Amino acid sequence: MQRDFWRVIGMGPLVWRVLGTGSAILASIVANKVVTQLWKRAGRDEIVDPRDPRTPWKDALAFAALTGLAAGAARVAATRKAAAYYEKSAGHLPKQMQKGGA
């Protein structure tokens, strides 16, 4: 039933843009918040801004690396989950993910 719905309304690409992009953005925001909390629990009470020249290089690089890794991993996980949901609903992967288009 769901597969027919997506075909009839012809909104597969639009649905994927909203679902894929939205889940990736939300995952990145959550990952940043988690990293900030972990940073505080590790005894670093101040928020580190890697762009601030007063922040020691070691702290700036560690925070940037941790944030980048967490956000990247969260985006990949969210996009994979969204693609699996899309495939289950539509009966195929989004066009952008077919034949190496991702």
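All of these numbers come straight from a predicted model, not from anything done at the bench.

J.: Before we go on, may I ask you to explain the confidence of the model for the protein chain in this structure?
T.: The predicted coordinates ought not to be read in detail in places where the model reports low pLDDT. Summarising the model, the protein chain shows a mean pLDDT of 81, and 82% of its residues fall at 70 or more. Looking over the protein chain, one finds the lowest element-wise mean pLDDT in helix H1 (residues 2-9), namely 53, and the highest in helix H3 (residues 57-90), namely 90.

J.: Would you mind showing me how to read a nonpolar patch on the surface here?
T.: Together, Leu26, Val30, Val34 and Leu38 line one region of the surface with nonpolar side chains, adding up to about 350 Å² of accessible area. Relative to the helices and strands, Val34 resides in helix H2 (residues 12-41). On the basis of relative accessibility, which here comes to 42%, the residue Val34 falls in the partly exposed class.

J.: Just to check I follow, could you spell out the nonpolar core for this structure?
T.: Looking at soluble globular proteins, one finds that nonpolar side chains tend to be buried together. Residues Val15, Trp16, Ala82, Ala83, Tyr86 and Ala90 constitute the largest nonpolar core, which totals six residues. Top contributing element to this core by residue count: H3, with four residues. Apart from the residues within four sequence positions on either side, Trp16 is in contact with Thr21, Thr79, Ala82, Ala83, Tyr86, Pro94, Gln96 and Met97. Counting five residues, the second largest nonpolar core, distinct from the first, contains Ala27, Ala31, Ala71 and Ala74.

J.: Looking at this structure, how should I read the pattern of salt bridges?
T.: Any two side chains of opposite charge can pair, so long as their charged atoms come close to each other. Applying the stated criterion to the full structure yields one salt bridge. Of the charged contacts, one joins Asp52 and Arg54 as a salt bridge, the two residues approaching to 3.1 Å between their closest N and O atoms.

J.: When you look at H3 in this model, what are you seeing that I'm missing?
T.: Between its terminal C-alpha atoms H3 stretches 48 Å, which fits the 50 Å expected from 34 residues at 1.5 Å a residue. For H3, the set of buried residues is Asp59, Ala60, Phe63, Thr67, Ala71, Ala74, Ala78, Ala82, Ala83, Tyr86, Ser89 and Ala90.

J.: When you look at the packing of aromatic side chains in this model, what are you seeing that I'm missing?
T.: For any two aromatic rings, the description comes down to two numbers: the centre-to-centre distance and the angle of the planes. One pass over the structure, following the stated rule, counts one aromatic pair. Measuring from centroid to centroid gives 5.2 Å for Trp39 and Phe63, while their planes differ by 80°, and the two rings are edge-to-face. Of this pair, Trp39 sits in helix H2 while Phe63 sits in helix H3; the two residues are 24 residues apart in sequence, bridging distant segments of the chain.

Cut-offs applied
Residues numbered from 1 in each chain as written. Predicted model: local features only at pLDDT ≥ 70, side-chain atom pairs only at ≥ 80, totals over all residues. Heavy atoms only, no water. pLDDT = per-residue confidence, 0-100. Helix = DSSP H or I, 4+ residues; strand = E, 2+ residues; numbered from the N terminus. Patch = residues over 30% accessible without salt bridge, like charges linked within 9 Å, V, L, I, M, F, W, Y side chains within 5 Å. Areas by Shrake-Rupley, 256 points an atom, 1.4 Å probe, with all protein chains shown as cover. Salt bridge = Lys/Arg side-chain N within 4 Å of Asp/Glu carboxyl O. Buried < 20%, exposed > 50% of the residue type's maximum accessible area, 1.4 Å probe, protein only. Core = buried A, V, L, I, M, F, W, Y, C linked by side-chain atoms within 4.5 Å. Contact = heavy atoms within 4.5 Å. Expected span 1.5 Å × (residues − 1). Phe/Tyr/Trp six-rings, centres within 6.5 Å; stacked < 30°, edge-to-face > 60°.

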